[in-house]
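# Chain and residue survey
Chain by chain, the residues run as shown.
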Amino acid sequence: MLTLERHNQIMELLYKNTRMTTNELCEQLNVSAATIRNDLNFLEKEQLIKKFHGGATLPDQSNNLEFHKRDKINNIEKENIANEALNLIKNDQCILLDASSTSLALAKKLHIFDRLTVVTNGIYAMLALKDVPNITVIFIGGIVTKNSGCTEGLLGVDLLSKINADISFVSAHGFTLNEGLTDFNIYEVELKKQMLKRSKKSIALLDFSKFENVSTASFCKSNELDLIITDNKADNKALEKYRNAGINITVCE
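Residues numbered from 1 in each chain as written. Predicted model: local features only at pLDDT ≥ 70, side-chain atom pairs only at ≥ 80, totals over all residues. Heavy atoms only, no water.

### Some details on the sheet that holds strand β9 (residues 180–183)
Let me state the cut-off plainly: Between any two strands, at least two bridges found by DSSP are needed for them to pair. Helix and strand definitions here come from DSSP, where helices need a minimum of 4 consecutive H or I residues and strands a minimum of 2 consecutive E residues; each element is numbered from the N-terminal end. Angles shown run from 0 to 180 degrees and are taken between the N-to-C directions of axes, each axis being a line fitted to C-alpha atoms and, for helices, limited to the stretch in contact.
Judged by pairing direction, the sheet is antiparallel, and its three strands sit side by side in the order β8-β9-β11 without closing on themselves. Edge strands, defined here as strands with exactly one partner in the open sheet, are β8 (174–176) and β11 (217–220). Across the sheet, the mean angle separating the axes of adjacent strands is 35° when strand polarity is ignored. With three bridges connecting them, β8 and β9 associate as antiparallel partners. When the bridges of β9 are listed, Phe175 appears paired with Leu181.

### So, unusual backbone geometry
In this structure, Asn30 takes a positive phi of about 60° despite not being glycine. Note that Asn30 resides in the loop between α2 (22–29) and α3 (33–45). A positive phi angle, close to 65°, is found at Glu212, a residue other than glycine. For Glu212, the position within the fold is in the loop between β10 (199–205) and β11.

### So, the confidence of the model for the protein
To keep things clear, this is the line we draw: Known as pLDDT, the predictor's confidence for each residue is given on a scale from 0 to 100. Any two residues whose heavy atoms approach within 4.5 Å at even a single point are treated as in contact.
Mean pLDDT for the protein: 88, with 92% of residues reaching 70 or above. Low pLDDT (under 50) marks residues 61–65, which in the prediction has 11 contacts with non-local residues, meaning those over four places away or in another chain.

### Description of helix α10 (residues 236–244)
Formally: Remark: exposure states derive from per-residue accessible area (1.4 Å probe, protein chains only) relative to the maximum for the residue type, with buried under 20%, exposed over 50%, and partly exposed in between. Each C-beta atom gives one direction from the helix axis, and the arc is the one those directions make. The definition of a polar contact used here is a pair of N or O atoms within 3.5 Å, where within protein one atom must be able to donate a hydrogen and the other to accept one, and adjacent residues in sequence count solely through side-chain atom pairs.
Residues Ala238, Leu239 and Tyr242 constitute the buried set of α10. In an axial view of α10, the angular spread of the buried residues amounts to 100°, which keeps them on one side of the axis. Opposite the buried face of α10, at more than 90 degrees from it, the exposed residues are Asn236, Lys237 and Asn244. Along its buried surface, α10 packs onto β8, β12 (227–231) and β13 (249–252). With a side-chain oxygen positioned 3.2 Å from the backbone nitrogen of Lys237, the residue opening α10 is Asp235. Phi turns positive, to about 90°, at Gly246, one or two residues after α10.

### Topic: the packing of aromatic side chains
This is how it is decided: A pair of Phe, Tyr and Trp rings is counted when the ring centres sit within 6.5 Å of each other, with Trp represented by its six-membered ring. The angle between the planes then sorts it: under 30 degrees is stacked, over 60 is edge-to-face, the rest tilted.
For the structure shown, the criterion picks out three aromatic pairs. Taking the centre distance of 5.1 Å and the plane angle of 85° together, the rings of Phe175 and Tyr242 count as edge-to-face. Here Tyr242 lies in helix α10 and Phe175 lies in strand β8, a separation of 67 residues in the sequence. Residue class for Phe175 comes out buried when judged on its relative accessible area of 0%. Judged by centre distance (5.5 Å) and plane angle (50°), the ring pair of Phe211 and Tyr242 falls under tilted. Of this pair, Phe211 sits in the loop between β10 and β11 while Tyr242 sits in helix α10; the two residues are 31 residues apart in sequence, bridging distant segments of the chain. You can call Phe211 buried: its relative accessible area is 8%. Put simply, the rings of Phe175, Phe211 and Tyr242 touch in pairs and so form one group of aromatic residues.

### Here's the deal with the packing of α2 against α3
How we decide: For classification purposes, an angle smaller than 35 degrees is called roughly parallel, one larger than 145 roughly antiparallel, one from 65 to 115 roughly perpendicular, and anything else oblique. Note that Gly is not counted as nonpolar here; it falls among the polar residues with everything else outside the nonpolar set of Ala, Val, Leu, Ile, Met, Phe, Trp, Tyr, Cys and Pro and the charged set of Asp, Glu, Lys and Arg.
Running from N to C, α2 and α3 cross one another at 110°; their axes reach a closest spacing of 9 Å. In terms of their interaxial angle, α2 and α3 are classed as roughly perpendicular. Note on element contacts: α3 touches α2 through Ala33, Ile36 and Leu40, opposite Thr22, Leu25, Cys26 and Leu29. Here the residues of the contact of α2 with α3 are counted per class, giving six nonpolar, one polar and no charged.

### Thoughts on the nonpolar core
Worth spelling out the cut-off: Remark: nonpolar core denotes a set of buried residues (Ala, Val, Leu, Ile, Met, Phe, Trp, Tyr, Cys) joined through side-chain atoms within 4.5 Å.
Of all hydrophobic cores here, the largest spans 38 residues; its most connected members are Leu181 and Ile228. Contributing elements (two or more residues each) for this core: α1 (3–17), α2, α3, α9 (186–197), β11 and α10. Residues within four places of Leu181 in sequence aside, it is in contact with Val170, Ala172, Gly174, Phe175, Ala204, Leu206, Ala217, Ser218, Phe219, Cys220 and Leu225. Leu106, Leu129, Ile203 and Leu227 belong to the second-largest nonpolar core, a separate cluster that totals 26 residues.

### Some thoughts on the state of the cysteines
How we decide: Any pair of cysteine sulfurs within 2.5 Å is marked as a disulfide.
Taken as a whole, this structure holds zero disulfides when the rule is applied. Cysteine Cys252 shares no disulfide, and the gap to the nearest cysteine sulfur, in Cys220, comes to 20 Å. The class of Cys252 is buried, set by a relative accessible area of 4%.

### Quick look at the sheet that holds strand β6 (residues 135–139)
Pairing within the open sheet is parallel, and its seven strands lie in the order β6-β5-β4-β7-β10-β12-β13. A single partner strand is all that each edge strand has here, and the edge strands are β6 and β13. Pairs of neighbouring strands in the sheet enclose a mean axial angle of 20°, with direction left out of account. The pairing of strand β4 (residues 94–97) with strand β7 (residues 165–170) spans three bridges and is classified as parallel. Within the sheet, the bridge partner assigned to Leu96 lies in β7 and is Ser168. Lying over the sheet, α10 contacts β12 and β13, oriented at roughly 150° with respect to β13.

In structure tokens, the structure reads:
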């Protein structure tokens, strides 16, 4: 079992059970206690879990980087990526936006359309669009945690099952060929998986800092993406590797 896959399973087990002992995790994953301890050390370092003597539990999710802090990182690149994404949207479409700061940058530009339906779990994207007369906003419900800019969990899956979207626009904490799109928040990741299932096209909005980074949970394989939009600071060697593997990439200026 790959390390990332094991980390994903640990997070899924903690999501279901809130807390588990090292012995319970060993039995569930069929690995040694030493392996589990190494996994828990890594996950705690990433602020994804909180260890206690003999096991681990989920932390206060407010420890994750607050949305308003993330929103201020690589602003110019996010604006350029959003402008490029705007060219792919047409009137009368239904689009899905995740709760990322790059998707928020895109949401703020959608007032130019005559008629559009936007489905999102992003609180700030919803607030940016709710009073725009030509846009119908469908907000995906769920759990809202402190300092979060999104709803989390699978309470909104039933609503998503009734949606047939033209395009999903998502971002991620990291992207590699082997792991695809990955993120740190297991709750939001599960919702992103469902969002991508409900759209005809899946487009990743990734600034240069996301490439060759891996976070805890995978939510989209690299070969399942229709397009990646990035900025001109992205590493050329990495982009060449992705393109050689058949990944469609647009680099905006």
